[in-house]
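# Close look at the chain arrangement
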Amino acid sequence: MIIDGILGQSAAREVFLGFAPANLLHSLSFADVLDEDTGRGYQRRFNPAHSLDFRKYIQQENSSTIPLTFNARMRNDGAWRVERMASPYARMVIVDDRAKILTQVDCQHRLGYLNDLSLILPFMCFLGLTEREEMEVFNVINSKAKGLSTSLLDFHDATLASDLASERPELFVALHLNNDNQSPWYRQLNLGGQTTSGMTRRASLRTMQKAVKKFLTQTRILQSRRPDAVAQIVLDFWAAVALLLRDGWDNPRRSLLCKGVGVYALMGIAADLVNEAGSAVIDKRYFSNKLSDFILDVDWSSAGPLSGLGGEGGVKAALGVLRNSRGKGQLRIVSNG
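The model shown is predicted, which means the values in this text are computed figures rather than measured ones. (Residues numbered from 1 in each chain as written. Predicted model: local features only at pLDDT ≥ 70, side-chain atom pairs only at ≥ 80, totals over all residues. Heavy atoms only, no water.)

Summing up its helical and strand segments, the chain has 13 helices and ten strands in all. Long-range contacts, defined here as pairs at least 24 residues apart, represent 71% of the contacts in the chain between residues at least 6 apart. Carbon and sulfur atoms form 50% of the exposed surface of the chain, whose accessible area is close to 17,000 Å². (Helix = DSSP H or I, 4+ residues; strand = E, 2+ residues; numbered from the N terminus. Contact = heavy atoms within 4.5 Å. Areas by Shrake-Rupley, 256 points an atom, 1.4 Å probe, with all protein chains shown as cover.)

Below you can see the structure in the form of C-alpha cells.
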C-alpha cells in the first residue's frame, strides 16, 4: 500500500503530509489510551458521543477539518517505510495493511466512528517519535482542550517530570496514595484512563493532589521532612480514616467521605493534627487515636450536614463541621475525665 505525500517540518520535527480515505486511516491506526492498571499509554478514555458528533458533522456539505495527527513509531518488522523522491515529495509504503502502524496523537475522536466512510481527509504524521515524545506532543496540543481530564494531564506531568518529588510534591504524594498497595486509595484515584477497577474508584487524581497541596501549605511540613516521608504520613492518615469509617469507605457511592468535599475537608483535619503533633510520632496509630475522638459522630451520608456543599466555600463549611464535631468530642472527654 502506498500513500503519496510530501515531507516537511513541524517546527523542529520532520513530518509526512498526505491525504487518504477516512476508513483507511482508521484501519491503520489506534489510540494509545492510558491503561491505569499497567501505566502504559497516555490518551483519554474514548467518548462515543463526542466522536459521533464529528461523524455527523463531517458528512455535511462544506464541512472540513484540520489535519489528523499521527505518529509512525519505529518497528522491528519493517511494516512501514518512507521513500524520498524529488524534494519535497515522498511516499509512505505500508507493507502489511493489517498492521496498526499509526498512533492517533490528535484525532482519536474525529476518526473513531469513520471506519465505514471513504471521504478523503488530510493528515500529518510524525516519523519515529517514541511513546514519551508522543505524550509530550499530545500534552502540548491538548492541555487546554475542552473535556480533557485534568487528572490525565497531571499523570502526563508526573510521567514527564525528571524529579517529581521536587517539582510537584503534591502530585508525588497523591500518586503515592494511588500506587502503594498498602494505601486505602490503591488504584482508586481516577487518572483519566481506563482500568478494571473503574466502578470502585472514588476521587480524581486532580482532586487529591489539590487537597494535598493545601495540606502542604498549611503544615509547611516539607521544610522539615522529605517528600517520601510526607507521602507516608498522608497514607497513614487515610489508612486511619478507612479503618475508623469502614462502612462509608466500603460504600463510596453512598457516602460523601471520598467525594471532593470530603477529601478536601479531611486533608484540612490532617493538617490540624500534624500541626498539633509536637514531638509525637505521626503515624497511623497517632491519627487513629485523634480521629476516633470525633469522626464517628460525623454524618457522611448524602442527607447529612455535608450534603450539597461544593466549591471553596463549601469546603470551608465542611471543614468547619468537622472541626466543630472535634471540639465537641474533646469537651466530652474532659467532662468525663
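As a packed pair, helix H7 (residues 169-179) and helix H8 (residues 205-219) sit with axes 8 Å apart at the nearest point and diverge in direction by 125 degrees. Classified by the angle between their axes, H7 and H8 sit oblique to one another. Our pair here, H7 against H8, has a crossing hand that is right-handed. On the side of H7, the interface is formed by Pro169, Glu170, Leu171, Val173, Ala174, Leu175 and Leu177, while H8 contributes Leu205, Met208, Gln209, Val212, Lys213 and Leu216. Of the residues contributing to the contact of H7 with H8, the split by class is ten nonpolar, one polar and two charged. (Axes fitted to C-alpha atoms, helices over the stretch in contact; angles between N-to-C directions. Parallel < 35°, antiparallel > 145°, perpendicular 65-115°, else oblique. Left-handed = near helix turned anticlockwise from the far one by under 90°. Nonpolar A, V, L, I, M, F, W, Y, C, P; charged D, E, K, R; others polar.)

Under the counting rule described, the total for this entry stands at 16 salt bridges. For the salt bridge of Glu133 with Arg13, the shortest nitrogen-to-oxygen distance reads 3.6 Å. Of the two residues, Glu133 sits in helix H4 (residues 131-142) while Arg13 sits in strand E2 (residues 13-21), which places them 120 residues apart along the sequence. Asp272 is paired through a salt bridge with Arg323; the nearest N and O atoms lie 2.8 Å apart. With Asp272 in helix H11 (residues 260-276) and Arg323 in helix H13 (residues 311-336), this pair connects stretches of sequence that are 51 residues apart. Residue class for Asp272 comes out buried when judged on its relative accessible area of 15%. A network of salt bridges, in which partner residues are shared, links Asp32, Arg40, Arg73, Glu131 and Glu134. (Salt bridge = Lys/Arg side-chain N within 4 Å of Asp/Glu carboxyl O. Buried < 20%, exposed > 50% of the residue type's maximum accessible area, 1.4 Å probe, protein only.)

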